Amino acid sequence: MNLQLKDNYKYSMVVPTSMGLRITPENGQPVHSSDTFKMQATSAETNVASISSYLGLPVKVLTTFVKGSPLAQFIKSNLRNRHMDYEGPEVEQGNPWGYRHQFNIADSGYGGRGPRVQNDRAGEVGRTLNAKDFDLERIFGEEGVQIVHLSGLIAALSPETSNFCLEVARSAKKHKTLISFDLNYRATFWEGREQELRETFTEIASVSDVLIGNEEDFQLCLGIKGPEAGGKAIGEKIESFKEMIMRVKEAFPNASVFANTLREVVSANEHLWGAIMLQGDNWEVIEPRPIRVLDRIGGGDGFVGGLLYGILKKWAPEKWIQFGWATGALATTFLTDYAQPADEEMVWSLWSGNARVKR
């Protein structure tokens, strides 16, 4: 394996994130016709880290909380239940129009009715993430971290969080922590900040060891030409994906691993799910195959989490992508945004297509 993991560390993985709340109607119903909702704590980055934390690796979350908020307490309890340490400042709400944890209002869709997601991020406390609130020298230099996972969602959230992610990446690089960067392009975050964010994302990508993104992410975040976005007949586009990844590799030679998922939506409850990865000069491709979907939110994060878990376990590269494919598929069988694997066997059984009862 070309990737060199630290031998002295307290945490296998650290994730900077803005914690929020997802509220979902019961029984797969649309939001507009529902009066009963389930609430859960969520963020894309902790979705990724959950694979490692549930499978026994030490994980830490860097975030911010609203001081004295019962919702902040709800989030902290959830992170503890997910076996995650956390640290971050407590920010005063200020007034009824001040800071809060963002809401993600989403249904799961059903059959031919696709899921709908409405983000309500006004006053989001995570927008205040700032390097001055964290002792990065202690975290990366004294405690030690094997992989830090950065997301474009946080890097683009605000000018403060953009700078925070840059400082995290620089500190991680200084202390030989591997850097994983999932580009996660969101048009609404980029509007009016295109040049600034292109520079930020390019710097982070230039020091990253693992780069993850779909065809849209690489094109819009880094300016790398790729296949048309959309997911139709995705299996036929694999050669175009390979050409795009080779262009990414040429532009960012520091990275050792390039990966993205392949997804074609048949219905809300059936997807064709595959993945592609370049590690060194070796391609690993999982041709899209059918999976059943209970709730698609978090499937991509589950893939990244499984891929990084395989790296942390020092497995052979072909197992990284297989495990990632399976943990991504596993996430779509949970009503939480994150997969909660009981053990590695549960994941490998899904990969092998063995859904028989285990007694």
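Our structure's up above, just so we're on the same page.
So, a few notes on the structure that sits alongside this text. Counting from 1, residues in each chain are numbered in the order their sequence is written. Where totals are concerned, whole chains, interfaces and linings use all residues; where local detail is concerned, this predicted model gives features only for residues with pLDDT of at least 70, and gives and counts side-chain atom pairs only at 80 or more. In computing side-chain properties, one takes all heavy atoms of the structure into account and sets aside hydrogens as well as water.

1. Some thoughts on the packing of aromatic side chains
Point 1. Ring pairs are drawn from Phe, Tyr and Trp, using the six-membered ring of Trp, whenever the two centres fall within 6.5 Å, and their geometry is named by plane angle: stacked under 30 degrees, edge-to-face over 60, tilted for the rest. A full pass over the atoms with the stated rule returns twelve aromatic pairs.
Point 2. Relative to phenylalanine 201, the ring of phenylalanine 181 has its centre 5.4 Å away and its plane inclined at 50°; by these criteria the two rings are tilted. Placement of the pair is phenylalanine 181 in strand S11 (residues 178-182) and phenylalanine 201 in helix H7 (residues 194-207), with a sequence separation of 20 residues.
Point 3. Accessibility expressed as a relative area gives 0% for phenylalanine 201, which makes it buried.
Point 4. An aromatic cluster is built from Phe181, Tyr185, Trp190 and Phe201, whose rings are joined through pairwise contacts.
Point 5. To sit over a ring, a charge needs its Lys NZ or Arg CZ within 6 Å of the ring centre and within 35 degrees of the ring normal. The ring of tyrosine 338 is capped by arginine 82, whose NZ or CZ atom sits 3.6 Å from the centre of that ring.
Point 6. Its end group placed over the ring of tryptophan 351, arginine 289 keeps NZ or CZ at 4.9 Å from the ring centre. Runs of E in the DSSP output that reach at least two residues are strands. Runs of H or I that reach at least four are helices, and both are numbered from the N terminus. Any residue under 20% of the maximum accessible area for its type is buried, any over 50% is exposed, and the rest in between are partly exposed; the area is computed with a 1.4 Å probe on protein chains only.

2. Notes on the nonpolar core
Point 1. Buried residues of nine kinds, namely Ala, Val, Leu, Ile, Met, Phe, Trp, Tyr and Cys, make up a nonpolar core once their side-chain atoms join them within 4.5 Å. Leu150, Phe201 and Leu222 are the most contacted members of the largest nonpolar core, which has 51 residues in total.
Point 2. At six residues, the largest contribution of residues to this core is made by helix H5 (residues 159-174).
Point 3. Not counting chain neighbours up to four residues away, the residues in contact with leucine 150 comprise Pro16, Cys165, Val168, Ala169, Ile179, Ser180, Phe181, Asp182 and Ile204. Between two residues, a contact is recorded if the distance between any of their heavy atoms is within 4.5 Å.

3. Quick word on the pattern of salt bridges
Point 1. Salt-bridge detection follows one rule: a side-chain nitrogen of Lys or Arg within 4 Å of a carboxyl oxygen of Asp or Glu. The tally for this structure, following the rule as stated, stands at 20 salt bridges.
Point 2. Among the salt bridges present, the one from aspartate 107 reaches arginine 113, with a minimum N-O distance of 3.7 Å.
Point 3. Here arginine 170 ties to glutamate 203 by a salt bridge, and the two come within 2.8 Å at their closest N and O atoms. Note that arginine 170 is positioned in helix H5 and glutamate 203 in helix H7, a separation of 33 residues in sequence.

4. Here we look at the sheet that holds strand S15 (residues 282-292)
Point 1. Within the open sheet, the nine strands sit side by side as S6-S4-S1-S10-S11-S12-S13-S14-S15. Their pairing is mixed. Looking at strand neighbours, the two that pair on one side only are strand S6 (84-87) and S15, the edges of this open sheet. Strand-to-strand, the axes of this sheet are offset by a mean angle of 20°, without reference to chain direction.
Point 2. Note that S11 and strand S12 (residues 210-212) share three bridges and pair parallel. Within S12, the position partnered with aspartate 182 by the bridge is isoleucine 212. At least two bridges found by DSSP between two strands is the condition for calling them paired. For helices, the fitted axis covers only the stretch in contact; all axes are lines through C-alpha atoms, and the angles between them, taken along N-to-C directions, range from 0 to 180 degrees.

5. Some details on the pairing of strand S4 (residues 59-62)
Regular strands place their side chains on alternate faces of the sheet.
Point 1. Alternating residues of S4 divide into Val59 and Val61 and Lys60 and Leu62, and every residue in both groups is buried.
Point 2. Note that strand S1 (residues 11-16) and S4 share four bridges and pair parallel. Counterpart to valine 15 in the pairing with S4 is valine 61.
Point 3. Bridging between S4 and S6 involves four bridges; their strand directions are parallel. Considered in S6, the bridge of valine 61 is made with tyrosine 86.

6. A look at the sheet that holds strand S2 (residues 20-25)
Point 1. Pairing in this open sheet of four strands is mixed, and the strands run S3-S2-S8-S9 from one edge to the other. The open sheet has two free edges, formed respectively by strand S3 (37-42) and strand S9 (117-120), since each of these has just one partner strand. Mean inter-strand twist for the sheet, computed between neighbouring axes without regard to direction, equals 20°.
Point 2. Note: S2 against S3, six bridges, orientation antiparallel. Among the inter-strand pairings, glycine 20 is bridged to a residue of S3, identified as threonine 42.

7. Considerations on the environment of glycine 20
Point 1. Mapped onto the secondary structure, glycine 20 falls in strand S2.
Point 2. Given the relative accessible area of 0%, glycine 20 is considered buried.
Point 3. In this structure, the C-alpha to C-alpha distance between glycine 20 and valine 125, residues 105 residues apart in sequence, is 9.3 Å.
Point 4. With residues up to four places along the chain from it excluded, the contact list for glycine 20 reads Gln40, Ala41, Thr42, Ile75 and Gln102.

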